[in-house]
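# Report on the structure
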Amino acid sequence: MESADIRPAKRLERTPRVFVTRHLMPSVEDRMRELFDVRLNESDTPLARAQLIAAMQDCDVLVPTVTDRIDAEMIAQAGENLGLIANFGAGTEHLDLDAAAARHILVTNTPGVFTDDTADLAMAGIIGVPRRIREGVELIRSRQWTGWTPTALLGTKLAGKVLGIVGMGRIGQAVAHRARAFGLEIAYHNRKRLPEAVERMFQARWVETLDDLMGEADILSLHCPAGPGTHHMIDTRRIGLMKDGASLINTARGDLVEQEALVAALESGKLAGAGLDVYPDEPNVDPRLIRHPNVMTLPHIGSATCEGREESGLKVIANIRMWVDGHRPPDQVITGL
C-alpha cells in the first residue's frame, strides 16, 4: 500500500500528545512545549523496544530519530490514536513504511536540511585521507614529531584526480560542487542519469555501471540510501576493482560497505585510507578501523550543526501542525515509488 492513499485525519480538536524519542535543540523543544502536549525522553539515550512500543500506545504523534528502529510488529501494537510518525531526519530506512501505511499512519521526514552539512563533512574526508591528516594529528599528539623533512607524511594531491560519487542526489551534487574547486574530476554513478544541463553545471561525467566507476575513482564517496538494493554494495569484489592506493569515503550509511572487505583492503594496502562517519553496528566501531593510521573515524556527525538540527526540528513541528489541522504534511513520505 502506498502512503499516498492515506488521507490526513480530520482536524484534531484537542492538543496532540507528542512523544519525542531524543533531545532536540532547546529552541525546538521549547516551541513544542508551547504547541503540543509533549513528552520528552529526559535520559536522551536510545529507547528499548518495549519503551518505544509503550510510547506508541500513548501518543498521537511519535517523533523518532535514526537510532529508533520501528518494525511492523511494533507498529501493529501502536495505540489507536497514533496517526503520525514525524521522523527527525531525512532517512527512513529504520521505519517500516508499508506497515505504517497499512495502519493508516502517516510518516514524514525532514529532507534537504542536512545537505550542505553532510557535503562539508564528506569534503573533510576527501581532503583529509589523501593528505593523511589523521596521521599528522596523531604524530603531534603523541609527541613523536621530530620536525619537517622532505619525505615525511607524503600524501597525494587532489587536483587532477577522479572523485567517484555514488548517488548523485542532493548531497552528491553538493559534494561535486565543492570538489570542483579543488581541481577534482567528477565521475558519478546513479540509478538514473542526470539531465545534460545538470551534468554541465557540475562538470560531472556519468558512468553507467558501478563496477566501471570503481575502477576509475581515485577517491570514492558514497551518497546513496540504505536498503536491500544497496546493502554491502561495496564488497570484496568491488573493492578489488578499485585502483591500488585509492580512498573510500562514507558519510551515508554503514551497511553500504562490507566491513570485513574494507578492513582487509586497508590492512593489505589495497586502499590507502578511508574516511568514515557511519558504521554497520553503531555506536560500536571496529577496533581495526580505529587502529589504522589513515582511517578518519568520526562519530556520525555529518548533520551535526546547530543550524541544521534546529531547521530539522522546525520541519518536524511544521509537519505535525499541518497534520493536526487536517492537511497533508509538506514532507509526507511516499512508499512504493
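Residues numbered from 1 in each chain as written. Predicted model: local features only at pLDDT ≥ 70, side-chain atom pairs only at ≥ 80, totals over all residues. Heavy atoms only, no water.

## Structural notes on the packing of helix H5 (residues 115–128) against helix H7 (residues 170–180)
Note the cut-off: Every axis corresponds to a line fitted to the C-alpha atoms, with the helix fit spanning only the stretch in contact, and the corresponding angles, defined between N-to-C directions, vary from 0 to 180 degrees. Helix numbers and strand numbers start at the N terminus; a helix is a DSSP run of H or I with at least 4 residues, a strand a run of E with at least 2. In what follows, roughly perpendicular refers to angles from 65 to 115 degrees, roughly parallel to angles under 35, roughly antiparallel to angles over 145, and oblique to any angle outside these ranges. Each crossing is labelled by how the near helix is turned from the far one, with a counterclockwise turn of less than a right angle marking it left-handed and a clockwise turn marking it right-handed. When checking whether two residues touch, look at their non-hydrogen atoms; a contact exists if any pair is within 4.5 Å. Three classes are used: nonpolar for Ala, Val, Leu, Ile, Met, Phe, Trp, Tyr, Cys and Pro, charged for Asp, Glu, Lys and Arg, and polar for all others, with Gly counted as polar.
The interhelical angle for the contact between H5 and H7, taken along N-to-C directions, is 50°, at an axis separation of 9 Å. Considered as vectors, H5 and H7 are oriented oblique to each other. As for how H5 packs across H7, the hand of that crossing is right-handed. Along its contact with H5, which presents Thr115, Asp116, Thr118, Ala119, Asp120, Ala122, Met123 and Ile126, the element H7 presents Arg170, Ile171, Ala174, Val175, Arg178 and Ala179. When the residues that make up the contact of H5 with H7 are grouped by side-chain class, the tally is eight nonpolar, two polar and four charged.

## With respect to the sheet that holds strand E5 (residues 106–108)
To keep it simple, the criterion reads: Here, strands pair whenever DSSP counts at least two bridges between them.
Sheet architecture is open: five strands sit in the order E2-E1-E3-E4-E5, paired in parallel fashion. Two strands close off the open sheet at either side, each with one partner strand: strand E2 (37–40) and E5. Within this sheet the neighbouring strands show an average axis-to-axis angle of 15°, counted without direction. Where strand E4 (residues 84–86) and E5 come together, three bridges link them in parallel fashion. Paired with leucine 84 across the bridge in E5 is leucine 106.

## Some points on the environment of threonine 146
Structurally, threonine 146 can be placed in the loop between helix H6 (133–141) and strand E6 (162–166). Considering only alpha carbons, one finds threonine 146 and isoleucine 186, 40 residues apart in sequence, at a separation of 38 Å.

## Structural notes on the UniProt feature "domain: D-isomer specific 2-hydroxyacid dehydrogenase NAD-binding" (unreviewed entry) in the protein chain
Condition: UniProt positions are given in the numbering used here, feature names are shortened, and annotations may be inferred rather than shown by experiment.
According to UniProt, the "domain: D-isomer specific 2-hydroxyacid dehydrogenase NAD-binding" (unreviewed entry) feature falls on residues 125–302. Structurally, residues 125–302 is divided into 33% helix and 17% strand, and its ends, taken at the C-alpha atoms, are 11 Å apart.

## Description of the UniProt feature "domain: D-isomer specific 2-hydroxyacid dehydrogenase catalytic" (unreviewed entry) in the protein chain
In this structure's numbering, the residues bearing the UniProt feature "domain: D-isomer specific 2-hydroxyacid dehydrogenase catalytic" (unreviewed entry) are residues 18–333. Counted over residues 18–333, helix gives 37% and strand 15%. Its end C-alpha atoms are 19 Å apart.

## With respect to the nonpolar core
Rules: What is meant by a nonpolar core is a set of buried Ala, Val, Leu, Ile, Met, Phe, Trp, Tyr and Cys residues, joined one to another through side-chain atoms within 4.5 Å. Exposure classes here rest on a 1.4 Å probe applied to the protein chains alone. A residue is buried below 20% of its type maximum, exposed above 50%, and partly exposed in between.
Val166, Leu220, Leu222, Ile234, Leu262 and Leu271 are the most contacted members of the largest nonpolar core, which has 31 residues in total. Those elements giving two or more residues to this core turn out to be E6, helix H9 (210–216), strand E9 (219–222), strand E10 (246–250), helix H11 (259–268) and strand E11 (271–276). Per element, the largest residue contribution to this core is five residues, and it comes from H11. Apart from residues lying up to four places away in sequence, leucine 220 is in contact with Gly164, Val166, Leu213, Met214, Ile234, Met242, Ser247, Leu248 and Ile249. Listed in part, the 22 residues of the second largest apolar core include Val129, Met168, Leu184 and Leu194.

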